[in-house]
Amino acid sequence: MARDLDTDVLQNPSHDYTRYPAPTTHHPDLVVALNQYGVEKIFVRLYGPAVPTSPHGDPCAVLNVKQATVRSLGSRLRRRWKAEFVDARPPTGEASPGPGRPDFPYATHVDLNGEPEDDLYSVLDELAAQGAHLLFDVLLGGRDRPVSRVRQVLTEVLFRENLRIRFDSDVLYLPWSLLCLPANTPRNTGLDALFRRFLGHRHQIEQTGGYYPELPDSRAPAPLPDHPCVSLNHDTELDVAGRTKAAQVAALLAKDTTFHERRSRQELVDDIAKGRLDEQFMYFWCHGHFRAEATDSPFLVVQLSDGRDIDAQTVLARCAAHASTVLHRHPLVLLNACYGGMPGTAELAHLGGALIQAGAAGVLGPQIEMPQLFAAEYALQYVTRYLGGQDTAGVIAHALARHFADTHRNPLGLAYMLHCGMDNRMERAL
């Protein structure tokens, strides 16, 4: 006689095929997947609802450029933004900046409406040309039919606006938001048209690849805290003169929240080791730079008030003893440090990737050295909107990139980019 056998499920990796992302998560309109092909080549594939259907399948091709070449030019583009925009000085021929004009006007002011538009246009036009060259002439260069098809389809899709785009790759970490569409209008049509060529102005963008936090099970969500749980991890010696809005950001983080402040590496690693990292949002306001060992690619380190390096291994070494995700509330991390982004020659094992591996839903950071004045202003506006709980991380980053460009004629908001986390939002108890 047949009968049911008693079973005990010890592992259920499929979660009965019923584990879904949070309700705010949606598939991107476009995914640009760039994967390793052979030793140094790149295989690209375009897919998603924004890609036109074709009997030939998704547009895909083996690209005609080596990874090292693309990485090098990505790093060069970041350096040019720093050298030609952040460090820009009045044009040659002016004996001095002029009455009331600082030596480095684009790094000294957030609102650039008072700067000569011709000077600003000239700098940004060159940076836009370099961004378009990297994407279309180098990465997607060549006359092969498959590559030409990929280039044509991607160009048509990118000329739309307000798409949600994911660049997914374990091999290329480019400043995607600083790349540009080719010029399709005559020169000197104005800054507004120029800004619209930048991908970060036209679309929501995230870079993914490598590490992803474990998704919470939608059938048994973790209980939400009564107040948002946030942390400020900072160097108190940064801007001691109070020239920026850093103090306002700190006050905002501490208002009506469960607030954690850390000023040293030891406080951070102790909380990691003891499983006390329960924040929904983590903010780093500190110095950041890249170390380079003799045989390794550069890697990001940040320093809090104690001046001791915090890098990827600082986080991962303390996570090794944990069987479960350390950042169990899957926070969004705003890494507001000089060189908070990733250079083209750096490997994936950087601080942002380590935080994602530890459970962060996403890391938002600048891809170039950011002037302190702008960085604090950006953080104040971002934190205000994110703590409000209405908009996702990607919506806010895109809105601020447009706000600073359209309202203040300042393109530095384009230099902030998300590594994962486009759909993350500050959830709170009702």
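See the structure above.
Residues numbered from 1 in each chain as written. Predicted model: local features only at pLDDT ≥ 70, side-chain atom pairs only at ≥ 80, totals over all residues. Heavy atoms only, no water.

S.K.: Describe helix 11 (residues 372-388), listing the residues and the values that go with them.
M.R.: Spanning 17 residues, helix 11 covers 24 Å between terminal C-alpha atoms, matching the ideal 24 Å at 1.5 Å per step. For helix 11, the complete set of buried residues consists of F374, A375, A376, E377, Y378, A379, L380, Y382, V383, Y386 and L387. Phi for G389, located one or two positions after helix 11, is positive at around 80°. (Helix = DSSP H or I, 4+ residues; strand = E, 2+ residues; numbered from the N terminus. Expected span 1.5 Å × (residues − 1). Buried < 20%, exposed > 50% of the residue type's maximum accessible area, 1.4 Å probe, protein only.)

S.K.: So what's going on with unusual backbone geometry? Residues and values would help.
M.R.: Although it is not a glycine, H330 sits at a positive phi angle of roughly 50°. Considering the arrangement of structural elements, one finds H330 in the loop between helix 9 (312-319) and strand 11 (332-337). At R409, a residue that is not glycine, the phi angle is positive and equals roughly 60°.

S.K.: Please give an account of the nonpolar core that cites residues and values.
M.R.: It is characteristic of soluble globular proteins that their nonpolar side chains tend to be buried jointly. Of all hydrophobic cores here, the largest spans 94 residues; its most connected members are F85, L139, W176, F281 and Y382. Per element, the largest residue contribution to this core is twelve residues, and it comes from helix 3 (residues 117-139). Ignoring anything within four residues of it in the chain, the contact list for L139 reads L34, I42, L63, V65, V70, L134, L172 and W176. In terms of nonpolar packing, the next biggest core, distinct from the first, is built from 26 residues, M282, C286, V315 and L327 among them. (Core = buried A, V, L, I, M, F, W, Y, C linked by side-chain atoms within 4.5 Å. Contact = heavy atoms within 4.5 Å.)

S.K.: An account of the packing of aromatic side chains is requested, with residue identities and associated values reported.
M.R.: Using the criterion set out here, one finds twelve aromatic pairs in the structure. For the ring pair W81 and F85, a centre distance of 6.1 Å and an interplane angle of 50° mean the geometry is tilted. Placement of the pair is W81 and F85 together in helix 1 (residues 67-86), with a separation of four residues, close to one helical turn. Overall, the relative accessible area of 0% leaves F85 in the buried class. An angle of 75° between the planes, with centres 5.9 Å apart, marks the rings of W81 and F198 as edge-to-face. With a gap of 117 residues between them, W81 in helix 1 and F198 in the loop between helix 5 (191-195) and helix 6 (199-202) connect regions that are remote in the sequence. Take W81 and F198: they sit in the same class, and that class is buried. Three or more aromatic residues joined by ring pairs make a cluster, and in this case those are F281, F374, Y378, Y382, Y386, F404 and Y416. (Phe/Tyr/Trp six-rings, centres within 6.5 Å; stacked < 30°, edge-to-face > 60°.)

S.K.: So what about the pairing of strand 5 (residues 204-208)? Which residues, and what values?
M.R.: For strand 5, a buried count of five out of five residues is recorded, marking the element as mostly surrounded by other parts of the structure. Alternating residues of strand 5 divide into Q204, E206 and T208 and I205 and Q207, and every residue in both groups is buried. Examined bridge by bridge, strand 4 (residues 164-169) and strand 5 share five bridges and lie parallel to one another. When the sheet's bridge partners are listed, R164 is paired in strand 5 with Q204. (Pairing = 2+ DSSP bridges.)

S.K.: Can you lay out the packing of helix 1 against helix 3 for me, pointing to particular residues and giving the numbers?
M.R.: In contact at an axis separation of 11 Å, helix 1 and helix 3 are set at 175° when each is read in the N-to-C sense. Between helix 1 and helix 3, the crossing angle belongs to the class labelled roughly antiparallel. Each of T69, V70, L73, G74, R76, L77, R80, W81, E84 and F85 in helix 1 lies in contact with helix 3, whose residues at this interface are L120, V123, L124, E126, L127, Q130, G131, L134, V138 and L139. Class assignment for the residues of the contact of helix 1 with helix 3 results in twelve nonpolar, four polar and four charged. (Axes fitted to C-alpha atoms, helices over the stretch in contact; angles between N-to-C directions. Parallel < 35°, antiparallel > 145°, perpendicular 65-115°, else oblique. Nonpolar A, V, L, I, M, F, W, Y, C, P; charged D, E, K, R; others polar.)

S.K.: A description of helix 1 should follow, citing residues and the corresponding values.
M.R.: Its 20 residues give helix 1 an end-to-end C-alpha distance of 28 Å, which sits within 8% of 28 Å, the value for a rise of 1.5 Å per residue. Along helix 1, the residues classified as buried are Q67, V70, G74, S75, L77, R78, R80, W81, K82, F85 and V86. The inward-facing, buried residues of helix 1 abut strand 1 (30-37), strand 2 (41-47), helix 2 (105-108) and helix 3.

S.K.: Please give an account of the side chain of S231 that cites residues and values.
M.R.: Its place among the elements puts S231 in strand 6 (residues 229-234). The buried category is assigned to S231, whose relative accessible area is 0%. A distance of 3.1 Å separates a polar atom in the side chain of S231 from a polar atom in the side chain of N233. Side chain to side chain, S231 and R262 meet in a polar contact 3.5 Å long. (Polar contact = N/O pair within 3.5 Å; in protein donor to acceptor, adjacent residues only side chain to side chain.)

S.K.: Which residues make up the pattern of salt bridges, and what values do they have?
M.R.: When their charged atoms lie close together, side chains carrying opposite charge are able to pair. Counted by the stated rule, this structure contains 16 salt bridges. Among the salt bridges present, the one from E84 reaches R80, with a minimum N-O distance of 2.8 Å. Residue E84 and its partner R80 are located together in helix 1, separated by four residues, close to a single helical turn. Given the relative accessible area of 27%, E84 is considered partly exposed. A residue is classified by how much of its surface remains accessible, and R80, at 16% relative accessible area, is buried. When the shortest N-O distance is used, the salt bridge between E279 and R262 registers 2.6 Å. Here R262 lies in strand 7 (residues 258-262) and E279 lies in the loop between helix 8 (265-273) and strand 8 (281-291), a separation of 17 residues in the sequence. (Salt bridge = Lys/Arg side-chain N within 4 Å of Asp/Glu carboxyl O.)

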